[in-house]
Structure formats: C-alpha cells, structure tokens
Amino acid sequence: MKYDTIIIGGGISGLVAGITLCSAGQKVGIVSSGQSALHFNSGSMELLGHDSRGNDIDDPCEAIKNLPPSHPYSKIGAATMEAMLADVKDFFARAGIRLCGDEHHNHYRITPMGAFRPAWLSLDGYAMFDRPAHLADGTILIVNIKGFIDFYPEFIRHALESTNYCEIREISHPKIERLRKSASEMRPTNISAVITGDVVKDIAADINMLIEQTGADAVIMPAVVGSLNGHPDAELRQRVNKPLHYAPTMPISVGGMHMQITLRQYFRSIGGDYFLGDTVSSAVIDDNGHVCSIFTDNLGDTPLEADDFILASGSFISHGLLATYEKICEPIFGLDIEAPENRADWCSADIYAAHQYMSAGVATDNMFHPSIQGRPVRNLFAAGSVASGCDPLQEQSGAGVAILTAMFIAREILKSYRHDI
Amino acid sequence: MTYKSDNISPNNFEECIKCTICTAYCPVSAVNPSYPGPKQAGPDGERYRLKKPSFYDEALKYCLNCKRCEVACPSGVRVGDIIQSARIRYAKSKPSLRDRLLADTDFVGTLSSAFAPIVNPTLRTRPVKMLMHSVLGVDSHRQFPAYSRSRFTSWYRRHKQEQEKYPRQVAYFHGCYVEYNNPALGIDFVKIMNALGFGVRLLDKERCCGVAKIANGLIDKARHDAEINIESIRRAGCPVLTTSSTCTLTMREEYPHLLGIDNSDVRESIQLAVRFIFSLVDRGEATLVFRDDIHETIAYHTPCHMSRLGWAIYPVSLLKMAPGLTLRVLPQNCCGIAGTYGFKKENYNVSQQIGQQLFDSIAEFNPDSVATDCETCKWQIEMSTPYKVENPISILARMIDFEKTRLANS
C-alpha cells in the first residue's frame, strides 16, 4: 500500500500533521495503536506556561525567544512559530473544534484538584480565568451530578473562595440516575452519552431554579456534556440564564475524547486512512538510510510504503518511548536517544521536582530528523512528545510542542512535495 | 531477562493502566448500566478472580465480544479475551435449549435447508414467532435469515472438476452462512477467483468456526470443531480464504486465545478473500477490469470484528477501484446484534439501542445499498433499516467485467 506520507501515532500531533498534509493533496495513512493521550486532556492546551525558574509566563511568544537552542520551539524559530501560531485556531475551526485564547497572553485553567495553570487555548465553554481564582464577580454556583465520583466541588470552592462566595448543589435526572447501577463506572463519557435531547432541557431548568435559589451570578459544572451530535454543550449554556462554565473532570475527558473523534473524522473525510488499534512491528531501511516501508501487526505482510514518515508515537504513556531496566529506547526504529546515562539520574527524589526522564526522547537535528547510530534518517521526522528537548510538565508546553512540531514538519514535507509536481 | 517475562501474565492484564478508555468506547456500557464495563469486567475483575473465583460476576454475560475495547486500548491489553476467558472458566449458568439451538449452526442449518420451503414461511408467522418468544426466548421482532433450499456445497460439487484445471489454487472456508443461507455469495467468490486465474477447493472437513458456540458457553463442542477445522486447514497447504470477518477473527485469534489451540503454523494463511485479492492487485500480480455501465452509491459498514482485524482498508480499497462506485465509509459504530446476542429476547432492546447511531448514519447518507463483511451485521441492518446489505465480494462480482478480467489475467 503506497502513501505519500505515513504517520505513526494518531494523537493530536499525528492528526495535525495528517490533516495538514491531506489538505494539501497528499495521500496519508496514520497508524495508531489504541486511543491517544488526548483522552486525558483537560480541555485546555498549553504553549509555554512556566519559565525555567517555574514562574508563570504571560506572553508565551516573547518567552519562546529565551529558550535554549535544543528546545523544539527554538529549532522551529521564533518567526516561523509566530506565523504558524496565527493559524492554529482557524486550523481547528476548519476541523470543527472551537478554541478560545491568545498566543500573546496566557489565561488560566483550573484543574480537577482546584489548582490554576497557565493555558494557551481552551475549548469553547470551558472555564477561562484572566488571573488565578478570578472567573466572574459575585456568587458562583458549583453544580455537580449526583453520584458522580470524578469531580470534587469542594476543591473548586476552596480554589475560588478568596474571590467569590460559592454555593454547591447537586442535580440529577432519571436517565442519569440509571447509570448509578454501576457506580464505579459512572464516568464522564457515560454521563455525556445521556445528556442529549430533552435531558438538556430538563437539566437547564433545574440549574435555572438553583440560580434563583442561590442568587448566583455564574455557574460551574463538570465537563460531562458532549460536543458531538448536535452540540448539547452549547445548547445547555444557551438555556442556562447565567454564564455557565465547564470545569475539567478526572479522566476520561469528554472534551479531549471529542477532540480526538472530531479530528479523526475530519482527517478521514478529507481522504486520510486511519488504522486504529494497529501496532508497527518493523521498519525497512535501505542502504542509504531511507525508510522504505513499515509493517504492522494487523496488516501482516502488506507493507505500508511512503516517501516520508513521521514518528508521532508519543511519550512513555503511549509507548512511543520505552524504559527498560537498563535504558530508555524508541522501539520501532531503534533511534538514537537523548537521556541521562545512569538510571539513577532519571528521577529526582522529590516527586514535585523536575525529573530528567520527562525531557528524554529521540534526539533530532534542527529539521526534526532523528538518527540511527549517528546517521540522520532523512525521510523520517519526530513530532511531539517522542522527541527530546523539553519537559512538557514543568514548562507546561505539551500540546504546543505536539501541534507546532507537527505543523512545521508537515510544511517541510510539502515543500519538496510541491517541488516534485 | 526482559521486563515482560518478569512481570506480565499471558493475558497481560497487568499492563492495564486503569485509564478507562475501553469503557468509554464500550457499546454495551453506553446503554446498559447493569454491565460493569470492560475495565471492571476485564483486567480489574481478573485480579479478584485470581484471588477467589467467587468474585466472578454473572453480569459478564452482557459482553458482546465485539472487541472494541481491545481496539481502543492504548496499552495493548486483550480486554475482550480476558472477559471471555473468565466466562469460560467461571460462569455457572448453563446454556439453555435456546442457546444450544442458536449456537448449533450446523445442526439447525442442515435441518432448515432440507425443509427450507416449510421452514422459511413458518419462521415468519406470528404464532411461531410468539411461541419462540415465550417458550424459547428468541425475540419475536427478529427475522430469521432465510434458509436456502440448495446448499453451497451441492453447487460446488457440480463444478468441482472445472476448478481442478487451474494451476493456482486457493481453499475456501465458506462458513455456515454461505452454506445454508447465501450460496450466491460463495458462487460470486468462486467466479472472481476463477477470473483471476485461481481454482477453488474446499477443505476436507469444514465445521462451523465456533463463534456462536463460544458465545453460548458450549466450549468443548467449539474446541472439537476448531480442531477439525485447523487440521483441515493444515492439510489444504494453500491460502484458505473466507468471506466472513467473524469466522476469520475466530479462527485466527479466538482459537489460540480462548480455546487454547495452537494455530501459529497456519494463522497467516487464513484470510479474508478481499485481503488476498487486494494484495494480488497491489503487488501487480492480478488485474481487475470493471464495467463502466453501473453507477451506484455504497456505504461501507465496518463490522466490529473487522475493526479488530484492522482490515477494513482491504474491502474499502477494492471497492474504491471500481469507477462506477461512490463509496463512503460510515463512522465506526457497532450494529448491536453481535451474532446470537441480539436474537435473545432479554437483549433485544439493548441491541437496537446500540445500533441506532449506525442506522442513523446510514439514513443520513442514504446510499443505494450498504456493504459489509459480516452476515449478522447484514441481518441487523436489513431488519432495522430499509437498506439492502451485501458482502463486498458480491458487489465486486457485480462491478467486474468477467470476460475482460479473465483475459487480463490469463
């Protein structure tokens, strides 16, 4: 099976690259071993949240200029970064995802534990704070779903109480009540599956009654309302009489899962092939160090051939990187890795401190080409968290690195693709 | 010593990271809160069951064995296998007469096709449906697939000699559906293979793949049939092609994982005809010439077991080659029937609720017909929507110019 580009990894990085390439006329295949880490996304994405001393960053575009040359953003270059950043919201809007935010000015998101983190873009409808703890003036009503175990209103109240008086209330509905039969499995996605149609109207009426009782000026509820099939999330916000903001729950994230499904459906609708639940078993590299084809568990002896390959297989959680007793490695191609020599140096004793394994990954040159035993592989690129050079947790940059490296690599591939035609 | 051999059981339940992605994509969890969901039923429950078998939860019977949990799992855990193995090992409820009848496709098929002119109209009458509903527990909404009066193998015997003339040979595992219900599909397959220059043999002995027996707890019978099939496949000594995604998945994956039958020497030779034909064309070893006078719009539905095989690309790529076809791949949703599951009256409503998203997506596209590689998906879609459903092989047979294809490959 012949493609222009094969992408290994179907999360946000792989899909951004795939959609960019497909939109430009390329034939693209994405191989994804199971669902992606996007399912753990909070509904917000970060570009650069903390500087090297751990202080919050206000203008990520400015702060990018101070990063070391080994950082993925530095490899892309500040000018190219700025040009690509200007297109990100439109890119997602074309795929059907509305994001709010500004690359020159971070806002804050709230975590399910009630902490505030700098963010770049948030899904439309999610709680966006202009400074920690400041969402709106007046009384805030926090509404939880009865029996729902993945959202903790007390943490949210605690986080907001310096600024606002908060009231906590619970709502329910016969259709949601049914889910409590399997209490341990009453998860965000199962709840979102029943909040459609008339249930949206009923819940809106209940919330409006609570607003009257409490005199609330704004409402926060867990992000358990979906965005697929007729946008019940937007409908509920429209029906509630005061501004309604969704706050992230513990995973699975409804917003993240719907982003994944929306992007994948869009990729397929513009002609991309998405191989879900398949794992790359081996790769064929010729004498010139070019990747010719890959083989997968499901397709067996059918090779997937392409001119270019993108490795967007994610970090440890997605098995893009493996940590064995002895070393950190990249399992498909055996690419050169940038990581501390000694296993003892991977982690710090303090769990909240930076851990070196977080910035370990595939070593790449300035065009994101990885290498095998020192020899660059010219038709292979490493996008997103599989590559080394940043600590996405400490600096709050995971989504930004995933999206921007993918866009940059896709543009590089298209330069020679157009040239060929 | 590797990390895996140190820490991981054969059914790899330890590799579960408790992310619950499987539950988010489980079609049963979405509509039936009595089902604990694949994470709880699978890797979570396994830890308890290993400790004490009495932790087994009879609600595991609600699992469709659609394997969507396995397709979704980012950690490669065989969630569906863990659940089905637990049912085999621990379930106390014995299969009822109804379950035995639904499971024994060979026995029922043999009888029914012998008396097809009587059986087909009788099964459609209201009194018989009500009787089956109340006495057996087979839901009265269900339409039984019509039994064919003549079997596929009877047709084949009349054409056996001409098949032997071809220098290149493949074997065909026709399955119960082609044998008893739809011999025309088997005939389409033989015609296509002949046009590509291949003769078709049958296996020495073919039994039902066993999927219905496994689902209904008749494990010893399933294993007995599976051993006969694998032995026949071994003797065939050539590619063994199929036209049903479920038979294929069962023989390739369920035999070793659920029945403990080692098929490693022949697993790769068992494949869907669409994969074999696509590979021939892809490697330039065969040419398909299509008619230019047919124009149709087709929606392709990916059966759950086709998703698990990861093979939807093959029928889709083949159908896309036909210039007269406008093809759309529907969003992947379970049709809800899951073989014999949807025939049981206690499952009927859940089954239809699960399928609703698929039925809606077909209606929205409004194709001339639907293509799918699974016979039970076909029954479910034809019962629940006004659309006709065909196997991609039968659609190909309509689109191919046989004369020109034969010339191009001779």
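Chemist: Sorry, what's going on with a nonpolar patch on the surface here?
Modeler: Residues and elements named next belong to chain B. Together, Leu97, Leu101, Phe107, Leu111, Phe115 and Ile118 make up an exposed nonpolar region whose accessible area comes to about 600 Å². Taken together, the elements giving at least two residues each to the nonpolar patch come down to helix H6 (97-103) and helix H7 (105-114). Taking the relative accessible area as the measure of exposure, phenylalanine 107 reaches 47% and is therefore partly exposed.

Chemist: When you look at the packing of helix H3 (residues 38-51) of chain B against helix H5 (residues 79-90) of chain B in this model, what are you seeing that I'm missing?
Modeler: Any two packed helices are characterised by how steeply their axes cross, that is the angle between the axes, and by the distance between the axes. All names here are of chain B. Contact pair H3 / H5: the axes reach a minimum separation of 8 Å and the direction vectors enclose 55 degrees. By the angle between their axes, H3 is oblique relative to H5. With respect to the hand of their crossing, H3 and H5 are arranged in left-handed fashion. Residues Pro38, Ala41, Gly42, Pro43, Glu46 and Arg49 of H3 pack against Val79, Ile82, Ile83, Ala86, Arg89 and Tyr90 of H5.

Chemist: Mind showing me how you'd approach the sheet that holds strand S4 (residues 270-272) of chain B here?
Modeler: In any sheet, the strands associate via hydrogen bonds between backbone groups, in a parallel or an antiparallel arrangement. All names here are of chain B. As summarised here, the arrangement of the 4 strands in space is S2-S1-S3-S4, forming an open sheet in which the pairing is parallel. Looking at strand neighbours, the two that pair on one side only are strand S2 (198-202) and S4, the edges of this open sheet. For this sheet, the mean angle separating the axes of adjacent strands, direction not counted, is 40 degrees. Sitting on the sheet, helix H12 (residues 183-195) touches strand S1 (168-173), S2 and strand S3 (240-242), and the angle it makes with S2 is about 145 degrees. The sheet contacts of helix H16 (residues 273-282) involve S1, S2, S3 and S4, and relative to S4 the element is tilted by about 85 degrees.

Chemist: It is not clear to me how the domain arrangement of chain A should be interpreted in this structure. Could you clarify?
Modeler: For interface size, the figure often reported is the accessible area lost on association. Residues and elements named next belong to chain A. On domain assignment, one finds that chain A holds domain 1 (2-102 + 257-420) and domain 2 (127-247). On a C-alpha basis, the centroid separation for the pair domain 1 and domain 2 is 34 Å. When domain 1 packs against domain 2, close to 470 Å² is buried across both sides, 73% of that on carbon and sulfur atoms. Joining domain 1 to domain 2, the criterion identifies 0 salt bridges. The set of elements that each furnish at least two residues to the side of domain 1 that touches domain 2 consists of strand S4 (99-101) and helix H10 (254-269). In terms of residues, the side of domain 1 that touches domain 2 owes the most to one element, H10, which gives 4 residues. For the side of domain 1 that touches domain 2, a count of residues per class yields 3 nonpolar, 3 polar and no charged.

Chemist: Would you mind going over the pattern of salt bridges with me for this structure?
Modeler: Side-chain pairing between opposite charges can occur once the charged atoms of the two side chains come close. A complete count under the given rule lists 46 salt bridges over all chains for this structure. Residues aspartate 124 of chain A and arginine 98 of chain A are paired through a salt bridge, measuring 3.6 Å at the closest nitrogen-oxygen approach. Of the two residues, aspartate 124 of chain A is situated in the loop between strand S7 (121-123) and strand S8 (140-145) and arginine 98 of chain A in the loop between helix H4 (78-95) and S4; the sequence distance between them amounts to 26 residues. Judged by relative accessible area, which is 23%, aspartate 124 of chain A ranks as partly exposed. In this structure, glutamate 70 of chain B and arginine 308 of chain B form a salt bridge, with 2.6 Å as the shortest nitrogen-oxygen distance.

Chemist: Just to check I follow, could you spell out the interface of chain A and chain B for this structure?
Modeler: At the junction of the two partners, chain A supplies 35 residues and chain B supplies 37 residues. Both sides together, the interface formed by chain A and chain B hides about 2,900 Å², and carbon and sulfur atoms give 49% of it. At the boundary of chain A with chain B, the tally comes to 1 salt bridge. Between aspartate 301 of chain A and arginine 275 of chain B there is a salt bridge, and its shortest N-O distance comes to 3.2 Å. Viewed at the interface, chain B and chain A are joined by 12 residue pairs in polar contact (both at pLDDT 80 or more). Among the elements of the structure, helix H7 (188-194), H10 and strand S12 (273-276) of chain A are those that each provide at least two residues to the side of chain A that touches chain B. At 4 residues, H10 of chain A tops the list of elements feeding residues into the side of chain A that touches chain B. Looking at the side of chain A that touches chain B, its residues break down into 12 nonpolar, 16 polar and 7 charged.

Chemist: Would you explain the packing of aromatic side chains in this entry?
Modeler: Each aromatic ring pair is characterised by the separation of its centres together with the angle its planes make. All names here are of chain B. Tallied over the full model, the rule gives 18 aromatic pairs over all chains. Pairing tyrosine 56 with tyrosine 90 gives two aromatic rings, centres 6.0 Å apart and planes at 35 degrees, and the pair type is tilted. A residue pair is termed long-range when its members are at least 10 positions apart, and tyrosine 56 in the loop between H3 and helix H4 (68-72) and tyrosine 90 in helix H5 qualify at 34 residues. With a centroid separation of 6.4 Å and an interplanar angle of 40 degrees, the aromatic rings of phenylalanine 152 and tyrosine 156 are classed as tilted. Of the two residues, phenylalanine 152 and tyrosine 156 are both situated in helix H10 (residues 152-164); the distance of 4 residues between them amounts to about one turn of the helix. Taken individually, phenylalanine 152 and tyrosine 156 each receive the classification buried, so the pair is uniform in this respect. The rings of Phe152, Trp155, Tyr156, Tyr172 and Phe189 are connected pair by pair, giving a single aromatic cluster.

Chemist: Which parts of the structure should I look at to understand the nonpolar core?
Modeler: Nonpolar side chains in soluble globular proteins tend to end up buried together. All names here are of chain A. Of all hydrophobic cores here, the largest spans 105 residues; its most connected members are Phe92, Ile195, Met221 and Leu236. The element contributing the most residues to this core is helix H12 (residues 398-420), with 13 residues. Split by domain, this core shows at least three residues from each of two domains, domain 1 (2-102 + 257-420) and domain 2 (127-247). Once residues within four sequence positions are removed from consideration, isoleucine 195 is found in contact with Ile176, Val200, Ile203, Val224, Val225 and Pro232.

Chemist: Even after reading the chapter, I still don't get the domain arrangement of chain B, so can you show me in this structure?
Modeler: All names here are of chain B. Segmentation of chain B into domains returns domain 1 (3-90) and domain 2 (296-402). Domain 1 and domain 2 are separated by 27 Å when their C-alpha centres are compared. Residue-level contacts link 14 residues of domain 1 with 14 residues of domain 2. Regarding the contact of domain 1 and domain 2, the summed buried area is about 1,100 Å², with carbon and sulfur atoms giving 63% of it. Taken as a group, Val31, Leu64 and Arg68 account for 49% of the area that domain 1 buries against domain 2, more than any other trio of residues on that side. For the interface between domain 1 and domain 2, the tally reads 1 salt bridge. Here domain 1 is connected to domain 2 by 3 residue pairs in polar contact (both at pLDDT 80 or more). When its residues are assigned to classes, the side of domain 1 that touches domain 2 shows 8 nonpolar, 2 polar and 4 charged.

Chemist: Explanation requested: the side chain of serine 351 of chain B in the structure shown.
Modeler: Residues and elements named next belong to chain B. With respect to the helices, strands and loops of the structure, serine 351 is situated in helix H19 (residues 348-365). You can call serine 351 buried: its relative accessible area is 0%. Reaching out from serine 351, the side chain makes a polar contact with the backbone oxygen of glycine 336 at a distance of 2.7 Å. Other than its neighbours up to four places away in sequence, serine 351 contacts Arg142, Cys335, Gly336, Ile337, Gly342 and Gln380.

Rules used in this analysis
Residues numbered from 1 in each chain as written. Chains lettered and ligands numbered in written order. Predicted model: local features only at pLDDT ≥ 70, side-chain atom pairs only at ≥ 80, totals over all residues. Heavy atoms only, no water. Patch = residues over 30% accessible without salt bridge, like charges linked within 9 Å, V, L, I, M, F, W, Y side chains within 5 Å. Areas by Shrake-Rupley, 256 points an atom, 1.4 Å probe, with all protein chains shown as cover. Salt bridge = Lys/Arg side-chain N within 4 Å of Asp/Glu carboxyl O. Helix = DSSP H or I, 4+ residues; strand = E, 2+ residues; numbered from the N terminus. Buried < 20%, exposed > 50% of the residue type's maximum accessible area, 1.4 Å probe, protein only. Axes fitted to C-alpha atoms, helices over the stretch in contact; angles between N-to-C directions. Parallel < 35°, antiparallel > 145°, perpendicular 65-115°, else oblique. Left-handed = near helix turned anticlockwise from the far one by under 90°. Contact = heavy atoms within 4.5 Å. Pairing = 2+ DSSP bridges. Domains from an automatic or database assignment. Buried area = accessible area lost by both parts, 1.4 Å probe. Nonpolar A, V, L, I, M, F, W, Y, C, P; charged D, E, K, R; others polar. Polar contact = N/O pair within 3.5 Å; in protein donor to acceptor, adjacent residues only side chain to side chain. Phe/Tyr/Trp six-rings, centres within 6.5 Å; stacked < 30°, edge-to-face > 60°. Core = buried A, V, L, I, M, F, W, Y, C linked by side-chain atoms within 4.5 Å.

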